[in-house]
Amino acid sequence: MYGPKPANLAQQQGVSLLGLIFVLGIITFLAMFAMKVFPTFLEYRSVKAGIISAKKADGTVREIQIAFDKHADINSINSIKGNELIITKDTGETQVAFAYTARIPLITNVTLLIDYSGTTDPSGKIPEKPAEPVR
């Protein structure tokens with residue numbers, strides 16, 4: 001009625017509905033994963049900028065901590081506080097470092113842990129945090 005059928009009808013190619021659903025599911029999972037991880041990465045970048053600006057305060061340990069806390073308030077940093085920074089003055093120049101773990105809940109009882117750390121020391125070595133005094 002409408003003409004002859006194509007000879008290669010059995011060889012047509014395309015994506016099946018099940019294949020499309022599977023690919024969309026993977027894309028959705030990856031997008032949700034990225035949406036949960038990306039904010040912690042942005043916060044990490046903000047913390048790195050914060051220790052650089054706190055180092056410029058170049059005062060006592062407490063002044064550096066206060067400068068970092070001011071930066072943290074402005075940039076909504078909640079993962080680390082100024083009193084958790086590692087501040088050293090080994091070579092005569094003040095160096096500021098940090099290390100913390102971000103806990104990202106993914107699905108029900110599955111959590112992703114990311115260890116973030118950084119320093120203003122050109123060598124890139126992060127010193128150990130001194131032990132808290134016993135009270």
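Right above here is the structure, for reference.
My aim in this report is to walk through the structure given alongside it, one point at a time.

Reading guide: rules and limits
- Residues numbered from 1 in each chain as written.
- Predicted model: local features only at pLDDT ≥ 70, side-chain atom pairs only at ≥ 80, totals over all residues.
- Heavy atoms only, no water.
- Helix = DSSP H or I, 4+ residues; strand = E, 2+ residues; numbered from the N terminus.
- Buried < 20%, exposed > 50% of the residue type's maximum accessible area, 1.4 Å probe, protein only.
- Pairing = 2+ DSSP bridges.
- Expected span 1.5 Å × (residues − 1).
- Arc of directions from axis to C-beta.
- Contact = heavy atoms within 4.5 Å.
- Salt bridge = Lys/Arg side-chain N within 4 Å of Asp/Glu carboxyl O.

With that settled, consider unusual backbone geometry. The bulk of non-glycine residues show a negative phi, and the bulk of peptide bonds are trans. Positive phi is not limited to glycine here, since S76 has a value of about 55°. With respect to the secondary-structure elements, S76 resides in the loop between helix 2 (61–75) and strand 1 (86–88). A positive phi angle, near 40°, is found at T108, a position not held by glycine. Here T108 lies in the loop between strand 2 (95–107) and strand 3 (110–119). Judged by its relative accessible area of 77%, T108 is exposed.

Moving on to the pairing of strand 3. In this structure, strand 2 lies alongside strand 3, joined through 10 bridges in antiparallel fashion. Its bridge partner being in strand 3, A99 is matched across the sheet by S117. Between strand 2 and the antiparallel strand that follows it, strand 3, lie 2 residues; T108 among them carries a positive phi value of about 40°.

A separate point is helix 2. Note on helix geometry: an α-helix contains 3.6 residues per turn, so any two residues three or four positions apart are oriented the same way. Here helix 2 spans 21 Å end to end across 15 residues, near enough to the 21 Å set by a 1.5 Å rise per residue. Among the residues of helix 2, I64, Q65, F68, H71 and A72 are the ones counted as buried. For helix 2, the buried positions fall inside an angular range of 125° around the axis, keeping them on one side. Residues of helix 2 that are exposed and angled more than 90 degrees away from the buried face: K70, D73 and I74. Contacts from the buried residues of helix 2 go to helix 1 (17–55), strand 1 and strand 2. Remark: S76 follows helix 2 within two positions and exhibits a positive phi of approximately 55°.

This part covers the pattern of salt bridges. A complete count under the given rule lists 1 salt bridge for this structure. The salt bridge involving E93 is made with K55; its shortest N-O contact spans 2.9 Å. Of this pair, E93 sits in the loop between strand 1 and strand 2 while K55 sits in helix 1; the two residues are 38 residues apart in sequence, bridging distant segments of the chain.

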